[in-house]
Amino acid sequence: MRLPYGCRQGICHLCRCQKISGQVKNIQTGVVSGEGFESIQTCINVPVTDVVLDI
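From a predicted model like this one, the values you see are computed outputs, not experimental measurements. (Residues numbered from 1 in each chain as written. Predicted model: local features only at pLDDT ≥ 70, side-chain atom pairs only at ≥ 80, totals over all residues. Heavy atoms only, no water.)

Engineer: What am I meant to see in the pairing of strand E1 (residues 16-21) here?
Structural biologist: Along a regular strand, successive side chains alternate from one face of the sheet to the other. Pairing between E1 and strand E3 (residues 38-41): 4 bridges, direction antiparallel. In the strand pairing of E3, arginine 16 is matched with glutamine 41. In this sheet, strand E5 (residues 52-54) lies alongside E1 in antiparallel orientation, the contact comprising 3 bridges. Looking at E5, one finds that lysine 19 is bridged to leucine 53. (Pairing = 2+ DSSP bridges. Helix = DSSP H or I, 4+ residues; strand = E, 2+ residues; numbered from the N terminus.)

Engineer: Even after reading the chapter, I still don't get the sheet that holds E5, so can you show me in this structure?
Structural biologist: The pairing of strands in a sheet happens through backbone hydrogen bonds and is either parallel or antiparallel. Taken in spatial order, the 3 strands of this open sheet run E3-E1-E5, and their pairing is antiparallel. Edge positions in the sheet fall to E3 and E5, since each of these pairs with one other strand and no more. Here the strands of the sheet are splayed against their neighbours by 45° on average, with no regard to which way each runs. (Axes fitted to C-alpha atoms, helices over the stretch in contact; angles between N-to-C directions.)

Engineer: Is there a simple way to think about a nonpolar patch on the surface in this case?
Structural biologist: Together, Met1, Leu53 and Ile55 make up an exposed nonpolar region whose accessible area comes to about 370 Å². Here isoleucine 55 shows up in the segment after E5. (Patch = residues over 30% accessible without salt bridge, like charges linked within 9 Å, V, L, I, M, F, W, Y side chains within 5 Å. Areas by Shrake-Rupley, 256 points an atom, 1.4 Å probe, with all protein chains shown as cover. Salt bridge = Lys/Arg side-chain N within 4 Å of Asp/Glu carboxyl O.)

Engineer: Sorry if this is basic, but what is going on with the pattern of salt bridges here?
Structural biologist: When their charged atoms lie close together, side chains carrying opposite charge are able to pair. According to the stated counting rule, one finds 1 salt bridge in the structure shown. For the salt bridge of lysine 19 with glutamate 38, the shortest nitrogen-to-oxygen distance reads 3.4 Å. One end of the pair, lysine 19, is in strand E1; the other, glutamate 38, is in strand E3, with 19 residues separating them in the sequence. Residue lysine 19 is classed as buried on the basis of its relative accessible area, which comes to 0%. The class of glutamate 38 is partly exposed, set by a relative accessible area of 27%. (Buried < 20%, exposed > 50% of the residue type's maximum accessible area, 1.4 Å probe, protein only.)

Geometry only, nothing functional implied.
Next comes the structure, spelled out in structure tokens:
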């Protein structure tokens, strides 16, 4: 599945979507998300576990 993006650097926020469950890691900061619902940027986050997104 192709996800929307713009800059691929986390600047433009065109890739922002809601993570329903699972954990992702921000490749710029190294921060790992919580397990639950939150807004993420798909261009700068990689899955750490299985992830469900609302896109």
